[in-house]
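Analysis of the macromolecular model
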Amino acid sequence: MVHNFNAGPSILPKEVFQAASEAILNYNNMGLSILEIGHRTDAFQSVMDEARALVKELMQLNDQKEVLFLHGGASTQFFQVPMNLLAADRKAAYLDGGTWGVKAIKDAKLYGTVEVVASSKDKNYSYIPDSYTIPGDAAYFHYTTNNTVEGTQMHSIPETNVPLVADMSSDILSTQIDFNRFSLIYAGAQKNIGAAGVNLLIVDPSILGKADRALPTMMDYREHIKNGSMLNTPPVFAVYVCMLTLRWLKQQGGVAAIQQINEKKAQLLYDTIDQNSIYTAPVAKKDRSRMNAVFTIQDPEVEKEFLTAAKAEGFYGVKGHRSVGGFRISMYNALPYESVVTLTEFMKEFATKKG
């Protein structure tokens, strides 16, 4: 048996694979593949409608929020957000919590002034800054809720009257929060939503149209809203896999139910790390991510042995990001608790041998 701890593209539920594979051969007994049906047909419109409705239901979104499925992945939003929201004579506030925040800040500076209100760069992004002031005249405040590379996570929503914008790519739908407090949310699908190739975006239209900038049609959120995420041909199969994954999450009991499982998985793994001195977790305990746990072994040769042994046991994706090193265990919604149990048993045994 294999256990998939890849950071993304990452594990998906087996039920989703089964339904998706059947749809590739014969979608809804039409005699056509999901890959070849027209995106403006009733057959696909029903997929898009259900996917958007499931997002609204699972996130308990109010009627003002619009749900879009867009091309380009989350990285496109690093520039599309300021392009739509940040006027040249305004400033936006950003929190620098790691790799993806740095990239978002860089692109936002192309469109207006960026004030970085806080950064954890001083300690290699091993914590989340918690003492900072968000300027009241900012067009918006942007932050990354979960730092996939560094293994940190925001466990509360900042208090501010400024519109909140969040990159939730790696922890969306994993924990119950008040999603309506955000003016804009974006998330690449390939962690908790579905297959790579599509980006989920939730936006309150009231914040749009204020940047006073000419926008290419494909970059204008308002055009995508008008066209129901079908301004051009959407990534049909990726949207379909999202719909199946969202269906699966609803069947599990929704976000509240999956949060309990996610907390249980993370607790077991972090307890194992803390209780075995061979392993070191660099992240501040209060900021540890439930989605991406990172740890190291002091001896590089022993780290190599760990990776070799882990691969032999069928553990995939445990190597840390190339910029950080060490190990990273990604525990997204679809990862079974049993996989974490099996991994921690292996970790304890390895620690005993290397004692």
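For the structure, check the block above.
Residues numbered from 1 in each chain as written. Predicted model: local features only at pLDDT ≥ 70, side-chain atom pairs only at ≥ 80, totals over all residues. Heavy atoms only, no water.

Regarding the overall build of the protein chain
For the protein chain, the count of helices and strands is 9 helices and 14 strands. Relative to its length of 355 residues, the protein chain is compact, with a C-alpha radius of gyration of 21 Å against a globular reference of 20 Å. Projecting the C-alpha coordinates of the protein chain onto the three principal axes gives extents of approximately 60 × 55 × 30 Å. Buried residues in the protein chain amount to 56% of all 355 residues. Taking the intrachain contacts of the protein chain between residues at least 6 apart in sequence as the baseline, contacts between residues at least 24 apart amount to 66%. For the protein chain, the computed accessible surface area is about 15,700 Å², with 49% contributed by carbon and sulfur atoms. (Helix = DSSP H or I, 4+ residues; strand = E, 2+ residues; numbered from the N terminus. Rg over C-alpha atoms; globule rule 2.2 N^0.38 Å. Buried < 20%, exposed > 50% of the residue type's maximum accessible area, 1.4 Å probe, protein only. Contact = heavy atoms within 4.5 Å. Areas by Shrake-Rupley, 256 points an atom, 1.4 Å probe, with all protein chains shown as cover.)

Notes on a nonpolar patch on the surface
On the surface, I24, L25 and L35 cluster together to form a nonpolar patch covering roughly 310 Å² of accessible area. When you line up the elements, L35 lands in the loop between α1 (14-25) and α2 (42-59). Among the residues examined, L35 registers a relative accessible area of 54% and is labelled exposed. (Patch = residues over 30% accessible without salt bridge, like charges linked within 9 Å, V, L, I, M, F, W, Y side chains within 5 Å. Salt bridge = Lys/Arg side-chain N within 4 Å of Asp/Glu carboxyl O.)

Topic: the sheet that holds strand β8 (residues 164-167)
Ordered by their spatial adjacency, 7 strands build an open sheet running β2-β10-β9-β8-β5-β3-β4, and the pairing between neighbours is mixed. The open sheet has two free edges, formed respectively by β2 (66-70) and β4 (113-119), since each of these has just one partner strand. Averaged over all neighbouring strand pairs, the angle between strand axes comes to 20°, with direction disregarded. Alignment of strand β5 (residues 141-144) against β8, held across 4 bridges, turns out to be parallel. Across the sheet, F141 pairs through a bridge with L164, a residue of β8. On top of the sheet, α2 reaches β2, β9 (184-188) and β10 (199-203); it is set at about 130° to β2, its chief contact. Against the sheet, helix α3 (residues 73-85) engages β2, β3 (91-96), β8, β9 and β10, with an angle of about 160° to β9. (Pairing = 2+ DSSP bridges. Axes fitted to C-alpha atoms, helices over the stretch in contact; angles between N-to-C directions.)

Some remarks on the sheet that holds strand β14 (residues 327-330)
Reading across the sheet, the 3 strands line up as β11-β12-β14 and stay open at both edges, with antiparallel pairing between neighbours. Of all the strands in the sheet, just β11 (279-280) and β14 have a single pairing partner and so form its edges. Relative to the sheet, helix α7 (residues 254-275) contacts β11, β12 (292-297) and β14, its axis offset from that of β12 by approximately 15°. Each of β11, β12 and β14 touches helix α8 (residues 300-312); the most contacted strand, β12, lies at about 130° to it.

Focus on the side chain of K265
Structurally, K265 is set in helix α7. Separated by 3.2 Å, the side chains of K265 and N262 make a polar contact. (Polar contact = N/O pair within 3.5 Å; in protein donor to acceptor, adjacent residues only side chain to side chain.)

Regarding the side chain of N199
Within the secondary structure layout, N199 lies in strand β10. The class for N199 is buried, based on a relative accessible area of 0%. Looking at N199, its side chain comes within polar contact range of the main-chain nitrogen of A187, at 3.4 Å. Within the local environment of N199, its side chain forms a polar contact with the backbone nitrogen of G188, the two atoms lying 3.3 Å apart. Excluding residues that lie within four positions of it along the chain, N199 makes contacts with L68, F69, L70, H71, G73, A74, Q77, Y186, A187 and G188.

Overview of α3
With 13 residues, α3 should cover 18 Å at 1.5 Å per step; its first-to-last C-alpha distance of 18 Å lies within 8% of that length. Along its length, α3 reaches its greatest deviation from straightness, about 35°, at F79, and the proline P82 lies no more than four positions downstream. The element α3 is largely enclosed, with a buried count of 11 among its 13 residues. Of all the positions in α3, only G73, A74, T76, Q77, F78, Q80, V81, P82, M83, N84 and L85 are classed as buried. (Expected span 1.5 Å × (residues − 1). Bend = angle between axes of the 7 residues up to and from the residue.)

Regarding helix α6 (residues 236-251)
The terminal C-alpha atoms of α6 lie 23 Å apart, and with 16 residues this matches the ideal 22 Å at 1.5 Å per residue to within 8%. Among the 16 residues in α6, 12 count as buried, and that is most of the element. Those residues of α6 not exposed but buried are V236, A238, V239, Y240, V241, C242, M243, L244, T245, L246, W248 and L249. Considering only its buried residues, α6 is in contact with α1, α2, β2 and α7. G253 sits one or two residues past α6 and shows a positive phi near 110°.

With respect to the packing of aromatic side chains
In this description, an aromatic ring pair is defined by two values, namely the gap between the centres and the angle between the planes. Applying the stated criterion across every chain yields a total of 17 aromatic pairs. Ring centres 6.4 Å apart and planes at 70° place the aromatic pair F78 and Y186 in the edge-to-face group. Separated by 108 residues along the polypeptide, F78 in helix α3 and Y186 in strand β9 bring together distant segments of the chain. Comparing F78 with Y186, the two get one shared label, buried. Put simply, the rings of F5, Y279, F295, F306, F315, F327, F346 and F350 touch in pairs and so form one group of aromatic residues. (Phe/Tyr/Trp six-rings, centres within 6.5 Å; stacked < 30°, edge-to-face > 60°.)

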